[in-house]
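Structural overview for review
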Amino acid sequence: MSEPSTPEQACTEIGAEPAITIQFSPEAMDRITELTLTACTNRSQCSSTHKTQADFTASDASRSDYYLVVPWPYPADQAMLELNVVGPGYDDSYTTQVTLEPFSPNGPDCPPTVLQAELALIEGSLVQVRG
């Protein structure tokens, strides 16, 4: 007598990229003219992105948050993050240690699985909210 076969798991095909994302409120974006985000591993491998206010679009009409994304092509799950924010009359810099966690948009047994982290600039502080 043969064993019953186990059905194969169906996976969706939602893509995901390894990245660090920083979220900004519309109020913060009113004051920001330029942003530079640099993320480095402890081996000084770095990824960087630079945006001006004109590069941003609202993430969706209902939330109206803005996002800055820096690719993370490294296998390291820790990053040192530096965010430079420029606006009228100020030039602020934020530095923080970030932990990236595996993210599987199609479920735990379906590819892809990538490292991601999400932070938010909240009341003058850079806070990790996911990852």
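Just above sits the structure.
What you see is a predicted model; the values in this text were computed from it and never measured.

Quick notes on the pairing of strand S1 (residues 19-24)
Of all the 6 residues making up S1, 6 are buried; the element is thus mostly covered by neighbouring parts of the structure. Both faces of S1 are covered, namely the face carrying Ala-19, Thr-21 and Gln-23 and the face carrying Ile-20, Ile-22 and Phe-24. By the bridge criterion, 6 bridges tie S1 to strand S4 (residues 66-71) in an arrangement that is antiparallel. Bridged to Phe-24 within S4 is Tyr-66. In this sheet, strand S8 (residues 114-122) lies alongside S1 in parallel orientation, the contact comprising 5 bridges.

Remarks on the nonpolar core
Of all hydrophobic cores here, the largest spans 27 residues; its most connected members are Ile-20, Phe-24, Leu-81 and Leu-83. Elements represented by at least two residues in this core include exactly S1, helix H1 (26-31), strand S2 (34-40), S4, strand S5 (78-87), strand S6 (90-99) and S8. In contact with Leu-83, not counting residues within four places along its chain, are Ile-22, Phe-24, Leu-35, Thr-36, Leu-37, Leu-68, Asp-92, Ser-93, Tyr-94 and Leu-126.

Comments concerning a nonpolar patch on the surface
Taken together, the side chains of Ile-122, Val-127 and Val-129 define a hydrophobic patch exposed on the protein surface, amounting to about 220 Å² of accessible area. Looking at the secondary structure, you find Val-127 in strand S9 (residues 125-130). Taking relative accessible area as the criterion, Val-127 reaches 33% and is therefore assigned partly exposed.

Parameters and conventions
- Residues numbered from 1 in each chain as written.
- Predicted model: local features only at pLDDT ≥ 70, side-chain atom pairs only at ≥ 80, totals over all residues.
- Heavy atoms only, no water.
- Buried < 20%, exposed > 50% of the residue type's maximum accessible area, 1.4 Å probe, protein only.
- Helix = DSSP H or I, 4+ residues; strand = E, 2+ residues; numbered from the N terminus.
- Pairing = 2+ DSSP bridges.
- Core = buried A, V, L, I, M, F, W, Y, C linked by side-chain atoms within 4.5 Å.
- Contact = heavy atoms within 4.5 Å.
- Patch = residues over 30% accessible without salt bridge, like charges linked within 9 Å, V, L, I, M, F, W, Y side chains within 5 Å.
- Areas by Shrake-Rupley, 256 points an atom, 1.4 Å probe, with all protein chains shown as cover.
- Salt bridge = Lys/Arg side-chain N within 4 Å of Asp/Glu carboxyl O.

These figures capture arrangement, not role.
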